[in-house]
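# Observations on the three-dimensional arrangement
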Amino acid sequence: MPTSSASTTDSAKSASGGVQSLERAFDLLERMADAGGEVGLSELSASSGLPLPTIHRLMRTLVSCGYVRQQANRRYALGPRLIRLGESASRLLGTWARPYLARLVEETGETANMALLDGDEIVYVAQVPSKHSMRMFTEVGRRVLPHSTGVGKALLAHTPDDEVRALLSRTGMPAATEKTITTPDGFLAALEDVRGQGYAVDDNEQEIGVRCLAVSVPNSPTAAAISISGPAGRVTEAATEKIVPVLQQVAAELSEALASQNPG
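First things first, this report covers the structure right here in the doc. Worth saying up front: this structure is predicted, and the values here are computed from it rather than measured. (Residues numbered from 1 in each chain as written. Predicted model: local features only at pLDDT ≥ 70, side-chain atom pairs only at ≥ 80, totals over all residues. Heavy atoms only, no water.)

## Quick look at the overall build of the protein chain
- Tallying secondary structure elements over the protein chain gives nine helices and nine strands in all.
- When the 264 residues of the protein chain are sorted by exposure, 44% land in the buried category.
- Partitioning the contacts of the protein chain with sequence separation of at least 6, the portion at a separation of at least 24 is 55%.
- In the form shown here, the protein chain has an accessible surface area of approximately 13,700 Å², with 53% of it arising from carbon and sulfur atoms. (Helix = DSSP H or I, 4+ residues; strand = E, 2+ residues; numbered from the N terminus. Buried < 20%, exposed > 50% of the residue type's maximum accessible area, 1.4 Å probe, protein only. Contact = heavy atoms within 4.5 Å. Areas by Shrake-Rupley, 256 points an atom, 1.4 Å probe, with all protein chains shown as cover.)

Below you can see the structure in the form of structure tokens.
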């Protein structure tokens, strides 16, 4: 059992005025997520700089609350109660984004989407449809693989190459259309293009006849991207030159709005 002095230390105020044990617990959860969702205590100690007894106390509390579970091999994994929190947060993030997506629709005429990287998949969390009779529709909550989407490219553009290759090896690279990129080298080359031009393109790669332009949301609390999608006959190269600056401006404004909702 922890001593009373140790308990006092864990509940002490942090430099920011918060409760230190809470800050440490959330830091450990984020470190677990960064490590793929499963870690050992020694790994957490090495990455966080906290002593093993402190980490053990915090993890024991997280296990008892259901936010972490201990595996048979004694390692710790993120727990199922986090799923409900994540789903609620994703819905709320989509709600915050809707006015910005509506502006995209007004200024570009095309359907606007917001998507997150959830594990190895892209999940759409918000959409505002185009007013055109011919328009694109993606169901909110739909999951797709990153390699065939503009938002996937935007979200992975600044991920180290070895991590991208590992993701692609886990998901495979099935062809959604004849234009889908199906090799890791081809996808990494596409990510280099995204970094160079500041936006991503899905050119008939997810669905024939559909083009999508996407940008990441800078400094989002979780990796997020916004996009517009429409018929290839409307989302032309000429239209791209007009649409991309609008996408980038709206992404910057959405980033500021999210930061104001997440101060600190």
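## Re a nonpolar patch on the surface
- On the surface, a nonpolar cluster with roughly 290 Å² of combined accessible area is contributed by Val-19, Leu-22 and Phe-26.
- Along the polypeptide, Phe-26 turns up in helix 2 (residues 20–34). (Patch = residues over 30% accessible without salt bridge, like charges linked within 9 Å, V, L, I, M, F, W, Y side chains within 5 Å. Salt bridge = Lys/Arg side-chain N within 4 Å of Asp/Glu carboxyl O.)

## A short note on the side chain of Ser-220
- Among the structural elements, Ser-220 can be located in the loop between strand 8 (210–216) and strand 9 (224–231).
- Within the structure, the side chain of Ser-220 is placed 2.5 Å from the backbone oxygen of Thr-222, a separation counted as a polar contact. (Polar contact = N/O pair within 3.5 Å; in protein donor to acceptor, adjacent residues only side chain to side chain.)

## Some details on the pairing of strand 8
- Among the seven residues that make up strand 8, six are buried, leaving the element largely enclosed by the rest of the structure.
- Across four bridges, strand 7 (residues 200–203) lies against strand 8 in antiparallel orientation. Counted as the bridge partner of Asp-202 is Cys-212 from strand 8.
- Between strand 7 and strand 8, which follow one another and run antiparallel, lie six residues, and Asn-204 among them has a positive phi close to 65 degrees.
- Summarising the sheet, strand 8 and strand 9 pair through seven bridges and their orientation is antiparallel. The residue of strand 9 that forms the bridge with Val-215 is Ile-226. (Pairing = 2+ DSSP bridges.)

## Points about the sheet that holds strand 1 (residues 38–39)
- Spatially, three strands are ordered 1-3-2 in an open sheet, and the strand pairing comes out antiparallel. Each end of this open sheet is capped by a strand with a single partner; those strands are strand 1 and strand 2 (68–70).
- Relative to strand 3 (residues 76–78), helix 2 is tilted by about 90 degrees, and along the sheet it contacts strand 1, strand 2 and strand 3.
- Sitting on the sheet, helix 4 (residues 52–65) touches strand 2 and strand 3, and the angle it makes with strand 2 is about 105 degrees. (Axes fitted to C-alpha atoms, helices over the stretch in contact; angles between N-to-C directions.)

## Considerations on the nonpolar core
- One finds Leu-101, Leu-104, Met-114, Leu-213, Ile-226 and Leu-247 to be the most contacted residues of the largest nonpolar core, which totals 30 residues.
- For this core, the elements supplying multiple residues, two or more each, are helix 5 (81–108), strand 4 (111–118), strand 5 (121–128), strand 8, strand 9 and helix 9 (237–261).
- Take this core: its biggest share by element is nine residues, from helix 9.
- Contact partners of Leu-213, with chain neighbours within four places excluded, come to Tyr-199, Ala-200, Val-201, Ile-226, Ser-227, Ile-228, Val-235, Thr-240, Ile-243, Val-244 and Leu-247.
- Leu-28, Leu-58, Leu-62 and Val-68 belong to the second-largest nonpolar core, a separate cluster that totals 14 residues. (Core = buried A, V, L, I, M, F, W, Y, C linked by side-chain atoms within 4.5 Å.)

## Overview of the packing of helix 7 (residues 161–171) against helix 8 (residues 184–197)
- Where helix 7 meets helix 8, the closest approach of the two axes is 10 Å, and the angle between their N-to-C directions is 135 degrees. On the basis of their axis angle, the class for helix 7 and helix 8 is oblique. The hand of the helix 7/helix 8 crossing is right-handed. Side by side, helix 7 and helix 8 meet where Asp-161, Val-164, Arg-165 and Leu-168 of the first sit next to Pro-184, Asp-185, Phe-187, Leu-188 and Leu-191 of the second.
- Split by residue class, the contact of helix 7 with helix 8 holds six nonpolar, no polar and three charged. (Parallel < 35°, antiparallel > 145°, perpendicular 65-115°, else oblique. Left-handed = near helix turned anticlockwise from the far one by under 90°. Nonpolar A, V, L, I, M, F, W, Y, C, P; charged D, E, K, R; others polar.)

## Considerations on the sheet that holds strand 8
- Pairing in this open sheet of six strands is antiparallel, and the strands run 6-5-4-9-8-7 from one edge to the other. What marks the edges here is a single partner per strand, and that holds for strand 6 (143–144) and strand 7.

## Focus on helix 7
- Residues of helix 7 that are buried include every one of Val-164, Leu-167 and Leu-168, and no others. Around the axis of helix 7, the buried residues are gathered within 95 degrees of arc, so they sit on the same side. Counted as exposed and oriented over 90 degrees from the buried face of helix 7: Asp-162, Ser-169 and Arg-170.
- Looking at the buried residues of helix 7, the elements they touch are helix 6 (150–156) and helix 8. (Arc of directions from axis to C-beta.)

## Digging into unusual backbone geometry
- Look at Asn-204: it is not a glycine, yet its phi comes out positive at around 65 degrees.
- Here Asn-204 is to be found in the loop between strand 7 and strand 8.
- On the basis of relative accessible area, Asn-204 is assigned to the buried category, the value being 11%.
- Its identity is not glycine, yet Asn-219 carries a phi of approximately 55 degrees, on the positive side.
- Note that Asn-219 resides in the loop between strand 8 and strand 9.
- Judged by its relative accessible area of 75%, Asn-219 falls in the exposed class.

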